[in-house]
Each structure stands twice: as structure tokens, then as C-alpha cells.
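# Fold and contact review
These are the residues of each chain, in order.
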Amino acid sequence: MVSLISRCAGLFGKSLGLLSSKSLARCTCVAPAVKSFSTSSNIPPKRPMTGYLRFVKQQQPIVIKQNPDVKIVDITRKIAQAWRMLSPEEKRPFQEAALAAREQYKEEVMKYKEQLTPAQTAALKEEHRQKLAKRKAIRKKRELTMLGKPKQPRSSFNIFMAEHFEEAKGGSMQMKLKSLIDDWQVLHASQKQVYMQLAEDDRIRYKNEKKSWEEHMIEIGREDLIRRKKRPKATAKSKGINKPKVKSIKKVTAKSAGAGSGTKKAGGTGSGAKKVGGTDSGAGKSTRRVKKAEE
């Protein structure tokens, strides 16, 4: 165990170029004990760390203490390099501890799920689905970046903000952004026109680069990465169907309604029918009289 610790110290000294095996503090424990997980119904068990993360957590405070001026990004990078240089035997204690924690995590998850209500189970599934969708979107975005997809065009304000962000007033990012928004609002129209023209040029750049990129994706058989334009919905004219005019339908309906009401009136009033009949008989008598007079 002591030889393993000293070897790790030597690897860090070589990788950082700032440490020596004597100055690096020795670790008292290589693989920390497995912690128990919470079984509360409101708090799900925490996912255990991998062997590599255990190694990082153990070595990071030591390296930071010995090198306070080194950036955390550089320290993490060097720790990753040291992990890759370890042999399988040296990695085994960290990996075995991670495996034991993983088995305990599975048991705690089963106990946690058994005490959930159906509503809580459904909410947990929905949360898991959203996490998977988010991861999928991140992976797709990373893949598109690796394949060289052109960046979206910038707006005129974004170009203005990129040029004046360093000199903007304010100590925090929010204050600087507020100051830039105020400066943009009071900017003269002729000065804004310069940034608007730059934004238009960037839009043309994006359009040309996107076209070339999509052609390249088709050549390498990745049509699935190209967004298809949504087709407009087929109208009645495009299908060749002539819709009847609404006005004509209304007129026909109105006429039929009027005829129906007239029929009801004629049929519903007996006296009216008799009057109509009497009028017809009177007309016949007058016609006969005219014929007799002619004779």
C-alpha cells in the first residue's frame, strides 16, 4: 500500500512539473469506505462515484494545497493523466470500492421505489425521461459540433455586445449586460446600421455554410442530421376540390325556410284555404258571363 501511494506521488510530481515525491503528502487511505445512502421517501439515493472520481477526490486536495497558484482545470487534467498512467493493479482498490458502492446503491434504490406511491412513481419516470432527453440533446449537439455544423448567425446586438463587453460598466456579468442594453438603446441609428449590416453579412455567411454542410452530410450518408422543411398543409384548391360558396348556401337555406313557413301558413289556416277556394269559383263565374255576352 505504501509503495502504491509513493508511486502516485511520483506520477503527480512528473506530470505537474511542480511537485516532487517528497513534497506530496501521503494519503492515509486509498479506497474510502462505502457510505450508506438515504432511504427517505423524499430523497432518492445518490448515485455512487466511479473509481476514477474516487481517485480524483482523494488526490485533488493534496495537489491544491501544494500548488495554490495552479488552476483547477490544469490540476484536473494532470490528475486524469496520472490516472491513465496507473497500472490495473493500482486502479483495482478504487474500482473495487466503486463496485461495492454500486451494489449497495442498487439495493437502496429498490427499497426507495417500494415505498413510493403510484403518483410518485409516475413523477420519477417523467423526471428520468426528461433527463434522458436532455442527455440525448447534449450528445446530438456535441456530434453536430464535431461534424463542423456552422454556427447560428449573430444578431446586431450580439455583435455590439461582443465588441464592448470588456469595457462595459459593472462588476458582474448581469450588470455589464444591463449597461450594454442601455448603451444599445441610446445608440444613434447610423451607428446601429453598421452592426445591422454586419449581422446581415453573418446571416448570408451562415446560409452559404449551411448549404455546403448539408451537401457534405448527404455525401457521407448522414441525411438524418439535416432538418427537413415542413410542408404546408394541402388546401382544398390544391386537392382540386371546389368548395360551395357560403353565400349561395345561405340563400338556398333562406328560400327553403321561407317556402316551408308559407306552406305552414297555407295549410294551417282553414279559413284561408276556403278564401282561396272562394276566389277561384268567383273567377270562374265571371269568365262564363263574359262568354255569354260575346255570344
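Residues numbered from 1 in each chain as written. Predicted model: local features only at pLDDT ≥ 70, side-chain atom pairs only at ≥ 80, totals over all residues. Heavy atoms only, no water.

### Points about the overall build of the chain
Selection criterion: Only runs of H or I of at least four residues qualify as helices and only runs of E of at least two qualify as strands under DSSP, and these elements are numbered from the N terminus. For each residue, the accessible area found with a 1.4 Å probe, counting protein chains only, is set against the maximum for its type, and the residue is called buried under 20%, exposed over 50%, and partly exposed in between. Contact criterion: two residues are considered in contact whenever any of their non-hydrogen atoms come within 4.5 Å of each other.
In terms of helices and strands, the chain carries eleven helices and zero strands. When its helices and strands are written in sequence order, the chain yields α-α-α-α-α-α-α-α-α-α-α. Out of the 295 residues belonging to the chain, those deemed buried represent 21%. For the chain, restricting intrachain contacts to residue pairs at least 6 apart in sequence, the fraction spanning at least 24 positions comes to 68%.

### Side note on the confidence of the model for the chain
Definition in use: Each residue carries a pLDDT score, the predictor's confidence in it, ranging from 0 to 100.
Looking at the chain as a whole, the pLDDT averages 75, with 63% of positions reaching at least 70. Confidence over residues 1-5 falls short of pLDDT 50; this stretch has eight contacts with residues more than four positions distant or in other chains. Note that pLDDT drops below 50 for residues 259-279; the model gives that stretch zero contacts with residues more than four away or on any other chain.

### Some remarks on the packing of helix α2 (residues 51-66) against helix α4 (residues 88-114)
Stated precisely, the cut-off is as follows: Lines fitted to C-alpha atoms define the axes here, with helix axes fitted over just the stretch in contact, and angles between the N-to-C directions of these axes take values from 0 to 180 degrees. Less than a right angle of anticlockwise turn of the near helix away from the far helix marks a crossing as left-handed, whereas a clockwise turn marks it as right-handed. Just so you know the grouping, Ala, Val, Leu, Ile, Met, Phe, Trp, Tyr, Cys and Pro go in nonpolar, Asp, Glu, Lys and Arg go in charged, and all remaining residues, Gly too, go in polar.
Relative orientation of the contacting elements α2 and α4 amounts to 115 degrees, with a least axis distance of 8 Å. Judged by the twist between their axes, the crossing of α2 over α4 is right-handed. Contacts between α2 and α4 involve Gly51, Arg54, Phe55 and Gln58 on the former and, on the latter, Phe94, Gln95, Ala97, Ala98 and Ala101. In terms of residue class, the contact of α2 with α4 is made up of five nonpolar, three polar and one charged.

### Description of the nonpolar core
Which entries qualify depends on this criterion: Working definition of a nonpolar core: buried Ala, Val, Leu, Ile, Met, Phe, Trp, Tyr and Cys residues. They are joined through side-chain atoms within 4.5 Å.
Phe157, Ile159, Phe160, Ala168, Leu180, Trp184, Leu187, Tyr195 and Ala199 form the largest nonpolar core, which has nine residues in total. Secondary-structure elements contributing two or more residues to this core are α6 (156-164), α7 (173-185) and α8 (189-219). Sorting elements by how many residues they give to this core places α6 first, with three residues. Those residues in contact with Ala168 that lie beyond four places of it in its chain are Lys176 and Leu180. Val56, Val63, Ile75 and Phe94 belong to the second-largest nonpolar core, a separate cluster that totals eight residues.

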